[in-house]
Amino acid sequence: MSSSLDAHLVPLATLDEARRAHFGRLGFAPELYLELMLAGGAACRLAWQGQDAGYCLLGGDRCLLELELASRDWIAGPEILREAVRQLGVTQVRCFSFDSLLLGLCLELGFAAAVEGCICRELLDVEGPVLPLGLVFRAARSTDGPAILPHRHGVFDDDGQVATWIDRGWVVVLEGPAGWIGMGLESPVWPHGPERDVGVLVHPDRRRQGHGERILRYLKRRCLDRGLTPTGGCAVENLASRRALGRAGFALQHRLVRFSCPVASSIAPSTSGKSL
């Protein structure tokens, strides 16, 4: 069967300008969690009925992570997404709740949805932390590595990443008289903006004492003082992180939604009646 959609692979870097325009249209920055998924994935230019229609990005697991269409092709959005899923073997779509175009298309095609994460893009306040007597923040040092490694799982990908982030100045330590209490992580979200993803690792023996909030407030204020934009997020089931982010002045108004794609033959037909 002939198709009106042509998807061809391109280097991700060739889409830099288009991606900046995409997130400019959305009004919010991307998420580090998804940016990391682009490694090993694919970037595709899309043409619809012989004309440039936009682009899409896939992760290494054939999950669609980003879709941008020219406004003239929004009317054909259901057909374009349905055909892209078929041609590219897409099994899942990850979509921000603030991406109304992709969100609406997935719902219209009947994809099953599950909320995967909470996304923070706005601040409730700009205040830094109030530290109890004896607690201080400092930049992490290479000598902190051995203390961090036993607790890195779920925060760092591997041992080497711990050393790399420390060397790049992306890790700060909250410590007291008895040693380190926790660490704050701050890393660039993508190369096209001032956004910095913030995260927390609190020593297991010092949890439930408000240290996560203190670290997040410190990172938030540290970003703002340098003209950067702090962003954050966490898994939807991570209630402790959700509370810490909220108490630290981050607004959790957005969600990351994961859609499961059925096989192409069972995707709901478009209401336009156009056959692919």
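Above this text is the structure in question.
> Can you help me understand the environment of Arg 62 in this one?
Its place among the elements puts Arg 62 in the loop between strand S3 (51-58) and strand S4 (63-69). What makes Arg 62 partly exposed here is its relative accessible area of 39%. Separated by 158 residues in the primary sequence, Arg 62 and Lys 220 have C-alpha atoms spaced 34 Å apart. Beyond its immediate sequence surroundings of up to four residues, Arg 62 is in contact with Leu 88, Gly 89, Val 90, Thr 91 and Gln 92. Reaching out from Arg 62, the side chain makes a polar contact with the backbone oxygen of Leu 88 at a distance of 3.3 Å.

> Can you walk me through the nonpolar core in this structure?
In a soluble, globular protein the nonpolar side chains are often hidden away together inside. Core analysis: the biggest nonpolar cluster contains 28 residues, and Leu 81, Val 93 and Phe 111 have the highest contact counts within it. Only strand S2 (42-48), S3, S4, helix H3 (77-88), strand S5 (92-96), helix H4 (100-108) and strand S14 (254-260) provide two or more residues apiece to this core. The element contributing the most residues to this core is H3, with five residues. In this structure Val 93 touches Cys 63, Leu 64, Leu 102, Cys 106, Phe 111, Val 257, Arg 258, Phe 259 and Cys 261, once residues within four positions along its chain are discounted.

> Please clarify how empty space enclosed by the protein should be interpreted in this entry.
One way to see where empty space is left: roll a probe the size of a water molecule over the atoms. In total, this model carries two cavities of 30 Å³ or more according to the counting rule given. When its volume is computed, the largest cavity comes out at roughly 50 Å³. Every residue lining the largest cavity is listed: Arg 19, Phe 23, Pro 30, Glu 31, Leu 34, Glu 35, Leu 38, Leu 65, Glu 66 and Phe 96. Among the elements of the structure, helix H1 (16-26), helix H2 (32-37) and S4 are those that each provide at least two residues to the lining of the largest cavity. Looking at the lining of the second largest cavity residue by residue, the classes come out as six nonpolar, one polar and three charged.

Thresholds, definitions, all that
- Residues numbered from 1 in each chain as written.
- Predicted model: local features only at pLDDT ≥ 70, side-chain atom pairs only at ≥ 80, totals over all residues.
- Heavy atoms only, no water.
- Helix = DSSP H or I, 4+ residues; strand = E, 2+ residues; numbered from the N terminus.
- Buried < 20%, exposed > 50% of the residue type's maximum accessible area, 1.4 Å probe, protein only.
- Contact = heavy atoms within 4.5 Å.
- Polar contact = N/O pair within 3.5 Å; in protein donor to acceptor, adjacent residues only side chain to side chain.
- Core = buried A, V, L, I, M, F, W, Y, C linked by side-chain atoms within 4.5 Å.
- 1 Å grid on protein atoms, 1.4 Å probe; cavity = no way out; pocket = protein on both sides within 12 Å on 5 of 7 lines; lining within 4 Å.
- Points joined across faces, edges and corners; volume = space filled by probe spheres on them.
- Nonpolar A, V, L, I, M, F, W, Y, C, P; charged D, E, K, R; others polar.

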